[in-house]
Amino acid sequence: MRAWIIFILIISLVCSGCTSKEEEKSGASIQSSDHPSKKIMVIMVDSMTPELIKLGIQEGRTPAIAFLTEHGKVFDDLISPFPSMSVVIESSLITGVGPEEHHVPGLIWYNQDENRLVDYGATIPRTFKIGTNQILEDALEHLNNTHLNQDIPTVYDELANTGVTTGSVNMLLYKGPIQHELTIPSLVKHTVHTESTFKTKGPDLLAFGQVIKPKALKNKNLPDHVYEQYGLNDQYSTEVIQSLIKAGQQPDFLMTFLPDFDKEAHHHGPLNLEGFSKADYHLQTILNSYPSWEEAIDDTIFILLGDHSQVALRDKGEHTAIELEALLEPYSIAKLLDEPTDGDVIIANNHRMAYLFFTNENINKQNILNLLTDERIDHLAWAEGETIMVKQAAKDSSLSYKKNGNLRDRYDQSWDLSGDLSVLDLSVDKQSNTLVYGEYPDALEQLYSALKSQEGSLIITAKPGYTLKTEGAPVHYGGGEHGGLHEDDTRAALIVTGTDKYPDKYRIRDLKPYFLDLLNQKESLVE
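Residues numbered from 1 in each chain as written. Predicted model: local features only at pLDDT ≥ 70, side-chain atom pairs only at ≥ 80, totals over all residues. Heavy atoms only, no water.

**Some points on the overall build of the protein**
Definition in use: The secondary structure listing takes helices from DSSP runs of H or I that are at least 4 residues long and strands from runs of E that are at least 2 residues long, numbered from the N terminus. Burial classes follow relative accessibility: with a 1.4 Å probe on protein chains only, a residue under 20% of its type's maximum area counts as buried, one over 50% as exposed, and anything between as partly exposed. Reported accessibility uses the Shrake-Rupley method at a 1.4 Å probe radius. Residues are deemed covered only where the shown protein chains occlude them.
Secondary structure summary: the protein contains 18 helices and 25 strands in total. For the protein, with 527 residues in total, the buried portion stands at 63%. Of the roughly 19,800 Å² that the protein leaves accessible, carbon and sulfur atoms contribute 45%.

Pasting the structure below:
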């Protein structure tokens, strides 16, 4: 889930401007590139799935996507990192690694060094209980500049010295080499008792709602008022791109986000074509910024991707919400207004998955495993040294595994497995001696990476149709939800148009080297 409520509630309401160190308060500007080869535009459409693409084309509701697929190629097995939450996904997208290396393990995670839950703004109740000031600092300052591993170069960092211009529009993760300054209005500063400015680093061109506007938009009226989420919406992203193209300031490499369909899917279900067709309208607007759609794909490589899927949740009265506090009795969970260690168990709830930590020395994992046998729970997983243990909650079957074994998977990873492979719906192709994934694609790496990012934790996931409920957590009855390990959480779609070169592996974490490869080809043409 993208942290829209916090950005609507805090960032959107409090941030009136963002300035680049070199550019003063008018924002960044880049000139049209002299490079003769194509530009690259990466557009992430929240919750876009292969099923939606097929349905939209069949019903004639998505002409832009139909055009891009007709002139390009569709991949229906793009896999998200785990947990499938936007901050984790975008961190992997720009760094090319999983959470154990990029250090952003969830929308909500437990910072053991500071003994606090880090929350980038899941819900309004959580925001007020944890503290608006703390969440503001985490979202604006720490996410890109301290929580994200500063030793891992992003795609923007690696392109900094190549002569390729870069940009980001409404992406949450954008760490790059150029320093920018976020300015907080004085009224808000006194209201939430925060600093006047936050420094951050990003690509050459950074646009993020009303927080920062490029020079090309200086005098343009944009959908950035309070009822329009202060620019954190599809229309804003589209108008920024449209203005950049028409002003001749489209970066050589640009990533942008269309967030609105996520909300539609949460409330109306993952196959809500009415909401998805609105996203296509904005894609049409982007294509219309060029003299023709054909000239658009002659000028620019379009890479369109979903960030995750959404599981269809059951309705009210169908025990949709798995109440973790009740299941964990007699152990206590600290209230959000208290220190996390005031309870026996700390829960960092990412909706269809959660990290559990134990502060009561009388608790061992077996105590908890004995309590978490609810039929609605899917998996329990934990690390014992380098070995990952996985158990199906309501069954006795289990699986253990390590990295670097004799079985390879489709992502060129090797594993040593012991136990019941059906726990993660795995099988072995005996002819090629390769591991085959079923309903949990890339589950071995996903669990390993998540557990290593939150050492000492126990992971719990929900079966399709259900979600985990703790204090302040939302439940979208009859709608959609994500965060879990199942393919209905993690399988998204990828469309590539304007090039005949495609990724070698179809995971979001593998797209960074693909982007760099495309741009390296571009550089060789320039030279």
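**Re the nonpolar core**
To be explicit about the condition: We define the nonpolar core as a collection of buried residues of types Ala, Val, Leu, Ile, Met, Phe, Trp, Tyr and Cys that are connected through side-chain atoms lying within 4.5 Å of one another. Contacts are residue-level and defined by heavy atoms, with any inter-residue pair within 4.5 Å sufficient.
Core analysis: the largest hydrophobic core is formed by 76 residues, its most contacted members being Phe 253, Met 255, Leu 424 and Phe 515. Setting aside residues up to four positions removed in sequence, Met 255 forms contacts with Val 42, Leu 93, Ile 94, Val 155, Tyr 156, Gly 167, Ser 168, Val 169, Met 171 and Phe 515. Counting residues in hydrophobic clusters, the runner-up holds 36 residues, among them Ile 43, Met 48, Ala 207 and Leu 283.

**Notes on the pattern of salt bridges**
Oppositely charged side chains are able to pair whenever their charged atoms sit close together. Note the cut-off: Each salt bridge in this description consists of a side-chain nitrogen of Lys or Arg and a carboxyl oxygen of Asp or Glu lying within 4 Å of one another.
Summed over all chains, the structure comprises 21 salt bridges. Of the charged contacts, one joins Arg 116 and Glu 114 as a salt bridge, the two residues approaching to 2.6 Å between their closest N and O atoms. Look at Glu 114 and you get partly exposed, because its relative accessible area is 48%. In this structure, Glu 375 and Lys 463 form a salt bridge, with 3.9 Å as the shortest nitrogen-oxygen distance. Taken as a pair, Glu 375 in the loop between helix H15 (365-371) and strand E16 (377-384) and Lys 463 in the loop between strand E22 (458-462) and strand E23 (467-469) lie far apart in primary sequence, 88 residues in all.

**Describing unusual backbone geometry**
A cis amide bond links Phe 82 with the next residue in sequence, Pro 83, at an omega value of -5°. In this fold, Pro 83 is placed in the loop between strand E3 (72-79) and helix H4 (86-95). Residue Glu 329 is joined to Pro 330 through a cis peptide bond whose omega torsion reads 15°. Notably, Asn 404 is not glycine yet its phi reads approximately 65°, a positive angle. Considering the arrangement of structural elements, one finds Asn 404 in strand E18 (residues 398-408). Note on Asn 404: relative accessible area 68%, which makes it exposed. Its identity is not glycine, yet Asn 433 carries a phi of approximately 55°, on the positive side. With respect to the helices, strands and loops of the structure, Asn 433 is situated in the loop between strand E20 (426-429) and strand E21 (434-437).

**Considering the packing of aromatic side chains**
Here is the rule we go by: The rule is short: rings of Phe, Tyr and Trp, with Trp giving its six-membered ring, pair when the centres are within 6.5 Å, and they are stacked under 30 degrees, edge-to-face over 60, tilted in between.
In this structure the tally under the stated criterion is 12 aromatic pairs. Relative to Phe 276, the ring of Phe 261 has its centre 5.6 Å away and its plane inclined at 65°; by these criteria the two rings are edge-to-face. One end of the pair, Phe 261, is in helix H11 (residues 260-268); the other, Phe 276, is in helix H12 (residues 273-288), with 15 residues separating them in the sequence. Each of the two residues, Phe 261 as well as Phe 276, counts as buried. Their ring planes at 45° and their centres at 6.2 Å tell us that Tyr 514 and Phe 515 sit as a pair that is tilted.

**Some words on the environment of Glu 325**
With respect to the element layout, Glu 325 can be found in helix H14 (residues 324-327). With a relative accessible area of 37%, Glu 325 lands in the partly exposed category. Along the chain, Glu 325 and Val 345 lie 20 residues apart, while their C-alpha atoms are 9.3 Å from each other. Contact partners of Glu 325, with chain neighbours within four places excluded, come to Ile 333 and Lys 335.

**Quick notes on the packing of helix H3 (residues 63-70) against H12**
The test is simple: Each axis is a line fitted through C-alpha atoms, and for a helix only the stretch in contact is used; angles between axes span 0 to 180 degrees, taken between their N-to-C directions. Each residue gets one label: Ala, Val, Leu, Ile, Met, Phe, Trp, Tyr, Cys and Pro are nonpolar, Asp, Glu, Lys and Arg are charged, and the others, such as Gly, are polar.
One can describe the packing of H3 onto H12 by two numbers: an axis separation of 7 Å at closest approach and a directional angle of 65°. Only Phe 276, Asp 280, Leu 283, Gln 284 and Leu 287 of H12 make contact with H3, whose side of the interface consists of Pro 63, Ala 64, Ile 65, Phe 67 and Leu 68. A breakdown of the residues in the contact of H3 with H12 according to their chemical character gives 8 nonpolar, 1 polar and 1 charged.

**A short note on the sheet that holds strand E10 (residues 253-258)**
Our working definition: Between any two strands, at least two bridges found by DSSP are needed for them to pair.
As summarised here, the arrangement of the 7 strands in space is E3-E25-E11-E2-E10-E6-E9, forming an open sheet in which the pairing is mixed. The outermost strands of the open sheet, each flanked by one partner alone, are E3 and strand E9 (205-207). Going across the sheet, the axis of each strand differs from the next one's by a mean of 15°, ignoring polarity. When strand E6 (residues 166-169) meets E10, the two strands line up parallel, connected through 4 bridges. Across the sheet, Thr 166 pairs through a bridge with Phe 253, a residue of E10. Across the sheet, helix H10 (residues 234-246) lies against strand E2 (39-45), E6, E9 and E10, angled at about 155° from E10, the strand it touches most.

**Notes on the pairing of E18**
The sheet contact formed by strand E17 (residues 387-392) and E18 spans 4 bridges and is antiparallel. The residue bridging Lys 391 from the neighbouring strand is Ser 398, located in E18. Pairing of E18 with strand E19 (residues 414-419) involves 7 bridges; the strand directions are antiparallel. Each bridged residue has a counterpart across the sheet, and for Lys 403 the counterpart in E19 is Trp 415. Where E18 folds back onto E19 in an antiparallel hairpin, the turn is made up of 5 residues, including Asp 412, whose phi is positive at roughly 60°.

**Focus on the confidence of the model for the protein**
Stated formally: Looking at any residue, its pLDDT shows the predictor's confidence there, from 0 to 100.
Of all residues in the protein, 83% attain a pLDDT of 70 or more, and the chain-wide mean is 87. A low-confidence stretch, residues 1-26 stays under pLDDT 50, and its non-local contacts, those more than four residues away or across chains, total 101 contacts. Counting interchain partners and residues more than four positions distant, the pLDDT-below-50 stretch residues 523-527 has 6 contacts.

**Let's talk about the environment of Arg 507**
For clarity, the cut-off: Counting of polar contacts relies on pairs of N or O atoms within 3.5 Å, with two restrictions inside protein: one atom must be capable of donating a hydrogen and the other of accepting it, and residues adjacent in sequence are counted only when both atoms are side-chain atoms.
Within the element layout of this structure, Arg 507 appears in the loop between strand E25 (491-497) and helix H18 (511-526). Beyond its immediate sequence surroundings of up to four residues, Arg 507 is in contact with Leu 78, Ile 79, Tyr 411, Gln 413, Asp 442 and Glu 445. Within the local environment of Arg 507, its side chain forms a polar contact with the side chain of Asp 442, the two groups lying 3.1 Å apart.

**Some words on the side chain of Glu 264**
Structurally, Glu 264 can be placed in helix H11. For Glu 264, the side chain forms a polar contact with the side chain of Lys 278, separated by 3.3 Å. In this structure, Glu 264 is in contact with Gly 269, Asn 272, Gly 275 and Lys 278, ignoring residues within four places of it in sequence.

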